[in-house]
Amino acid sequence: METNKPYRIDFWLTLVIGSLLVLLVITLGFSFFMAIFNAQLNSRKEFLNKQTELASRGIELEIRRFEEESKELINYLEDPNHELDDYDEEFTYAVRRLFNSFPQLVDTVWVDMMDSVLVFNKNDRTEFFRTQSDKGFPSTDEKRFSNLILGKKGFRVLYSLDLVSYAKEFVMNYYLNPGGGKFLIYNDRLIPLNSNSIQIQASKIADLENDLALGLKGFYEASWQRNDEETSGIIAQYPFSFVLSSESGAMVFAVPAESLTSGIYQTYFFLFLGFVALLIFTVGFFVVSIKNNLEFQRTQEANIQEISELFDQQNLLLQELKGFVYFHDAKGQITRISDEVRDILGMEPHEFRSAFKAESNNVEVQNLRAIIFQALDEKRDLVDFEYDFIMPDGKRIRLKVFEKLIFDASGQFNGGMGICTDITDTYQSRIKLIESENRLRTLIGNIPDNIFLYDNDSRVIDFHVQDKEELEEPSRQTLGKSLQEFVPHGQTGVVLEAFYKAREKRSIQTINVKWEGPKGEKHFEMRFFPLDAEKMMSISKDITTQKIWEKGLVDAMNAADQASKAKSDFLANMSHEIRTPMNGLLGIIDLLEQTKLNAIQQQYVDIIKNSGNMLLGIIKDILDYSKIEAGKVEIFNEVFDPMQELENQAQILSGLANKKDIAFNFESASKQDFLAQGDKVKINQIFLNLVGNAIKFSPEKGKVDVSVGLEQISGDAYFINCKIIDTGIGISDEHLEKLSEPFYQIDSSATRNYQGTGLGLAIAKKLIELLGGDLVISSEKGIGSVFEFSVLVKKVEKDSLKIDKKELSWAEVKEMGETHPLKILLTEDNDLNLQLMKLMLNQLGFQYEVARNGEEAVEKVKEQDFDIVLMDVQMPIMNGLEATDEIRKLPKKRDLVIIGLSANVFDEDQMKAIESGMDDYLTKPIRLAVLAERLEHYYKKIIEKRKK
């Protein structure tokens, strides 16, 4: 009984401790889960509040942004720099961009153009439409959500808005837990914004509305019905102001609150219960095992050797440590060794024992014995060392030996017990770490930048500077100081802000600072970043040379801008001076063609007309390239059939080919109807230029083949591919690379066969690149050339193609003029131009009077009623712009049609004319057909006004 007593004590002690441990784990686990649950619930509340606030502020900011951007259309309409054509495609593009910037918000836009009302909207397929209203400009009372913008010049824009649809689209970006709901309170209505069928209690809705009336945000715990089930949760609301109507609204987000045994916690909760059950089972099993083993422990031999128990325990450990255990006697002979020696050294246990016999001469064994004997001489009882070992297969490994020397009670050496482990991987990692540190030191030593280390309070800990002579001593004086103690005056705030921002965000922050040194002012680029949790680092790069270079670059840019302006002024003056005499030349040719001419006279007229047109083409090339070079070319998209359009251009060019007896062939790869959106004018210009060049440089009896096709890139994006093959003069490799450069001509001699400016191909190449394509030229001298180009277009549906209305012919207009004749005031100071304009108006059959300057024109307008005023811009006494401004100030003369006449062709000149009050602008030389078309256009408008 006395023998069993210690075992009973151990048994009950184990049982009590195990039970207490189970209770402690359950208590701690439950407390842990409750803490996580409460923390997660608080986090969810904070997240819901933040989401609601972000949504409310976001939609308020978007409405404010819309309020600002909606004014841009009025600004656009009143911008004096726009041409009349800009109010067509460019204005439509501006409205479309506003629709795209606020999807779902803008429903319809009405624009009062003073003479008409335009309506812009999108259908369910997001197709954009521009129509003209036949019901006039609507009242704002007719629209629930609207925004009316009034211009200073009579323009009005009314926006019809769909706030609810926009709010639904807007809150889709804000995530809520499954089962949550999103609502909008507006005009005392709770409007659901997602598909969740949540029915909030009326009392909670009243609380929301009360807080909203006071302009307060709110957070509430509530319950609601969802799919006929009672659900408890939390609701957050945040008010916002709908600035367009001076009314208030609020965003309301609601999410269900999960219990400890639901949602994400359910898995962890039951996992914890399983763990507790497993712990109870383990303690019970352990207690039962102890009880069952009590009798077995009594029968165990009391004389089990401690060394054997230690050996067995260490073997288990060595399986993971890649090692083996050995024992040896006082003579150094191995008495026992673990079987792991096979895996570590590649030797059998008996081979290892043989190596340590007394008669063995193994060199490594002798070295190990020497180490043991040295430890005995030094009276040490522990031996610890490493060495390299060559395995039987030739593989080199690194071994670590730890041995305990055993002595008896009298101090006599009895042998030793050791552990030998393979530390090859650890050793190689250590070597790599040392090499990496050495490389880092070498790298830092060779970095040309200055490096400083700081603590988290911006105090300098260490530094490295490359310029030892100049920066060593000043840098040493900063040790222990904070940045604000030595940063130059005026830059402290910026430097400290970058330092603390880098520490808080754990990211690189870059600033530029200026430092006064012994050799003058220097500029540095400083990069702050965290090195670890306790230290910060900065790397400062000397950018003084870069700053000097940047200043030189700015000066060079200013000089280039001045040169560009001088070039533009020169081109404007040159264009004006050339176009003024060309106006008389080409104008009189147009009139001369209307007379009866014999064959020789007609031939002379054709020569003069072709020469004049060629000169105009040269002027146009120079001005076009100037525009492209200045980046002022705009892309105008319209819907058209590219295959049919290019075929029409080919038919025009075929006449030129027939004159030279050139076999001209046009082939379209696509026979089906294909509508595209792109810049039709520029595509035609490229086509006419390249095909015209091929015909121009092909000899008589030559051949020009043109093929066009379509290539789909992705979705609605297509390439129009065109290939032009001619049998012309060909181009050598030497000239081929420079062919598309401006003003470059292969033959620039005075006896060259082909005339031109050398700009046509350069303009075509630039336009192709602007349209997203590429130009490839291949040629063989004396054989011919191949020009291939592609431009990017967008495929559209057939119903997008606008059908042009049939226009009246000029013969019909002249007949109508007999019943309602136009009375025209011609204002011109140049005798040649005046004579030409008289002949043209006589040819067209209109009545007119003449004024020789702007002041005389104003007086005649005061005295008589005219239908149209043809106003020259540059005149003495009072120019055309000043005269137009004075006429517009006269009562009942705001509707008088004034058409400007000028040799200035730049856009800014036309903008000035429109800004002064002119209705239209014609550039000289004025052609008879163009003048007739413009008079026809305004004739119709005048007739419509008379009918009203």
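Here the focus is the overall build of the protein chain. Scanning the protein chain for helices and strands turns up 26 helices and 33 strands. Burial statistics for the protein chain: of 948 residues in total, 41% are counted as buried. At a minimum sequence separation of 6, the contacts of the protein chain that also span at least 24 residues come to 59%. Counting only carbon and sulfur atoms, one obtains 53% of the accessible surface of the protein chain, whose full area is about 54400 Å².

On to the packing of aromatic side chains. Scanning the entire structure with this criterion turns up 20 aromatic pairs. Look at phenylalanine 324 and tyrosine 326: their rings are 6.4 Å apart centre to centre, the planes differ by 50°, and that puts the pair in the tilted class. Comparing phenylalanine 324 with tyrosine 326, the two get one shared label, buried. Taking 6.4 Å as the distance between ring centres and 85° as the angle between the ring planes, the aromatic pair formed by phenylalanine 666 and phenylalanine 687 counts as edge-to-face. With phenylalanine 666 in strand 23 (residues 663-668) and phenylalanine 687 in helix 18 (residues 680-696), the pair connects residues that are 21 residues apart, well separated along the chain. Phenylalanine 687 shares its class with phenylalanine 666; the two are buried. Cluster of aromatic residues (ring-pair linked, three or more members): Phe452, Tyr454, Phe463, Phe499, Tyr500 and Phe528. Looking at arginine 156, its charged tip hangs above the ring of phenylalanine 137, at a distance of 4.2 Å from the centre. The ring of tyrosine 427 carries arginine 398 above its face, with NZ or CZ at 4.4 Å from the centroid.

In total, this model carries 31 salt bridges according to the counting rule given. Across the pair arginine 459 and glutamate 485 runs a salt bridge, and its minimum N-O distance is 3.5 Å. Pair noted here: arginine 459 is in the loop between strand 17 (450-455) and strand 18 (460-464) and glutamate 485 is in helix 13 (residues 483-486), with a separation of 26 residues, a long-range link. With a relative accessible area of 48%, glutamate 485 lands in the partly exposed category.

Where strand 4 (residues 146-150) and strand 5 (residues 156-161) come together, five bridges link them in antiparallel fashion. When the sheet's bridge partners are listed, leucine 150 is paired in strand 5 with arginine 156. Following strand 4, the chain reverses through five residues before pairing antiparallel with strand 5; glycine 154 in that reversal takes a positive phi of roughly 105°.

Turning to unusual backbone geometry, a few remarks are in order. Residues other than glycine seldom take positive phi values, yet isoleucine 877 does so here, at roughly 65°. Its location among the elements puts isoleucine 877 in the loop between strand 31 (868-872) and helix 24 (880-889). Positive phi outside glycine occurs at lysine 892, with the angle close to 65°. Within the secondary structure, lysine 892 is located in the loop between helix 24 and strand 32 (897-902). Assessed through its relative accessible area of 85%, lysine 892 is described here as exposed.

In terms of nonpolar packing, the biggest core is built from 47 residues, with Leu73, Val109, Val111, Phe120, Val157 and Tyr159 touching the most fellow members. When residues of this core are assigned to their parent elements, the largest contribution, six residues, is made by helix 4 (residues 163-171). Valine 109 has contacts with Leu73, Phe99, Leu118, Val119, Phe120, Val157, Leu158 and Tyr159, leaving out every residue within four places of it along the chain. Within the second largest apolar cluster, 36 residues are counted, among which are Ile662, Ile695, Ile720 and Phe789.

A word on the packing of helix 23 (residues 854-863) against helix 24. Two quantities define a packed helix pair, namely the angle between the axes and the distance from one axis to the other. Direction vectors running N to C along helix 23 and helix 24 enclose 20°, while the axes themselves pass 9 Å from each other. When the axes of helix 23 and helix 24 are compared, the pair comes out roughly parallel. For the crossing formed where helix 23 meets helix 24, the hand is right-handed. Where helix 23 abuts helix 24, its residues Gly854, Val858 and Val861 lie against Ala883, Glu886 and Ile887.

Strand order in the open sheet made by the five strands is 30-29-31-32-33, with parallel pairing throughout. Two strands close off the open sheet at either side, each with one partner strand: strand 30 (847-851) and strand 33 (920-923). Direction aside, the axes of adjacent strands within the sheet are offset by 20° on average. Sheet topology places strand 32 next to strand 33; four bridges connect them, and they run parallel. Within strand 33, the position partnered with serine 902 by the bridge is threonine 923. Sitting on the sheet, helix 26 (residues 928-947) is in contact with strand 29 (823-827), strand 31, strand 32 and strand 33, with an inclination near 170° to strand 33.

So, about the sheet that holds strand 16 (residues 413-422). Hydrogen bonds between backbone groups are what pair the strands of a sheet, and the pairing can be parallel or antiparallel. Read across the open sheet, the five strands follow the order 13-12-16-15-14; overall the sheet is antiparallel. Either end of the sheet is taken by a strand with one partner, and the two such strands are strand 13 (334-337) and strand 14 (382-390). Strand-to-strand, the axes of this sheet are offset by a mean angle of 25°, without reference to chain direction. Bridging between strand 12 (residues 323-329) and strand 16 involves seven bridges; their strand directions are antiparallel.

Quick look at the side chain of serine 698 now. Along the polypeptide, serine 698 turns up in the loop between helix 18 and strand 25 (703-714). Taking relative accessible area as the criterion, serine 698 reaches 1% and is therefore assigned buried. Here the side chain of serine 698 touches alanine 694 through a polar contact of 2.6 Å, landing on its backbone oxygen. Beyond its immediate chain neighbours, meaning those up to four positions away, serine 698 contacts Lys660, Ile662, Lys703, Val704, Asp726, Thr727 and Gly728.

Next up on the list: the confidence of the model for the protein chain. Residues shown with low pLDDT carry predicted positions that ought not to be read at fine detail. Here the protein chain averages 76 in pLDDT, while 75% of its residues score no lower than 70. Segment residues 742-758: pLDDT under 50, and 28 contacts once partners within four positions in sequence are set aside and those in other chains are kept. For residues 803-808, every residue scores under 50 in pLDDT, and the model assigns this stretch five contacts once sequence neighbours within four places are set aside.

For the rest of this paragraph, the subject is helix 14 (residues 492-505). Over its 14 residues, helix 14 runs 20 Å from end to end, which matches the ideal 20 Å to within 8%, given 1.5 Å per residue. Buried within helix 14 are the following residues: Val495, Leu496, Ala498, Phe499 and Ala502. Down the axis of helix 14, the buried side of the element spans an arc of 160°, and every buried residue falls inside it. Facing away from the buried side of helix 14 by over 90 degrees, the exposed positions are Gly493, Glu497, Glu504 and Lys505. After helix 14 finishes, the residue arginine 506 shows a positive phi value of roughly 55°.

As a further point, take a nonpolar patch on the surface. Taken together, Val16, Leu20, Leu23, Ile26 and Ile280 make up a surface patch of nonpolar side chains, about 440 Å² in accessible area. Take the nonpolar patch: its biggest share by element is four residues, from helix 1 (residues 5-69). As for its position among the elements, valine 16 is in helix 1. You can call valine 16 partly exposed: its relative accessible area is 45%.

Moving on, we come to the pairing of strand 3 (residues 128-132). Strand direction decides the pairing type here: strand 2 (residues 117-122) and strand 3, joined by five bridges, are antiparallel. Counted as the bridge partner of asparagine 121 is phenylalanine 129 from strand 3. Here strand 2 hands over to strand 3 after five residues, with threonine 126 in that stretch at a positive phi of 60°.

This paragraph deals with the environment of valine 276. In this structure, valine 276 sits in helix 6 (residues 264-299). Note on valine 276: relative accessible area 8%, which makes it buried. Placed 251 residues apart in sequence, valine 276 and valine 25 show a C-alpha to C-alpha distance of 7.6 Å.

In a regular helix each residue adds 1.5 Å, so 14 residues correspond to 20 Å; helix 22 (residues 831-844) covers 20 Å between its end C-alpha atoms and thus fits that length. Those residues of helix 22 lying buried are Asn833, Leu834, Leu836, Met837, Met840, Leu841 and Leu844. Buried residues in helix 22, looked at end-on, bunch into an arc of 165°, giving them a common side.

Before going further, it helps to examine the environment of glycine 154. Here glycine 154 is to be found in the loop between strand 4 and strand 5. Judged by relative accessible area, glycine 154 falls into the partly exposed class, the value being 35%. Separated by 41 residues in the primary sequence, glycine 154 and methionine 113 place their C-alpha atoms 8.0 Å from one another.

A separate point is the packing of helix 22 against helix 26. Where helix 22 contacts helix 26, the two axes come as close as 11 Å, and the packing angle between them is 60°. The orientation of helix 22 with respect to helix 26, classified from their angle, is oblique. Classified by chirality, the crossing of helix 26 by helix 22 is right-handed. Here Met837, Met840, Leu841, Gln843 and Leu844 of helix 22 come into contact with helix 26, specifically with Leu928, Leu931, Ala932 and Leu935. Considered class by class, the residues forming the contact of helix 22 with helix 26 number eight nonpolar, one polar and no charged.

The rules we used
- Residues numbered from 1 in each chain as written.
- Predicted model: local features only at pLDDT ≥ 70, side-chain atom pairs only at ≥ 80, totals over all residues.
- Heavy atoms only, no water.
- Helix = DSSP H or I, 4+ residues; strand = E, 2+ residues; numbered from the N terminus.
- Buried < 20%, exposed > 50% of the residue type's maximum accessible area, 1.4 Å probe, protein only.
- Contact = heavy atoms within 4.5 Å.
- Areas by Shrake-Rupley, 256 points an atom, 1.4 Å probe, with all protein chains shown as cover.
- Phe/Tyr/Trp six-rings, centres within 6.5 Å; stacked < 30°, edge-to-face > 60°.
- Lys NZ or Arg CZ within 6 Å of the ring centre and 35° of its normal.
- Salt bridge = Lys/Arg side-chain N within 4 Å of Asp/Glu carboxyl O.
- Pairing = 2+ DSSP bridges.
- Core = buried A, V, L, I, M, F, W, Y, C linked by side-chain atoms within 4.5 Å.
- Axes fitted to C-alpha atoms, helices over the stretch in contact; angles between N-to-C directions.
- Parallel < 35°, antiparallel > 145°, perpendicular 65-115°, else oblique.
- Left-handed = near helix turned anticlockwise from the far one by under 90°.
- Polar contact = N/O pair within 3.5 Å; in protein donor to acceptor, adjacent residues only side chain to side chain.
- pLDDT = per-residue confidence, 0-100.
- Expected span 1.5 Å × (residues − 1).
- Arc of directions from axis to C-beta.
- Patch = residues over 30% accessible without salt bridge, like charges linked within 9 Å, V, L, I, M, F, W, Y side chains within 5 Å.
- Nonpolar A, V, L, I, M, F, W, Y, C, P; charged D, E, K, R; others polar.

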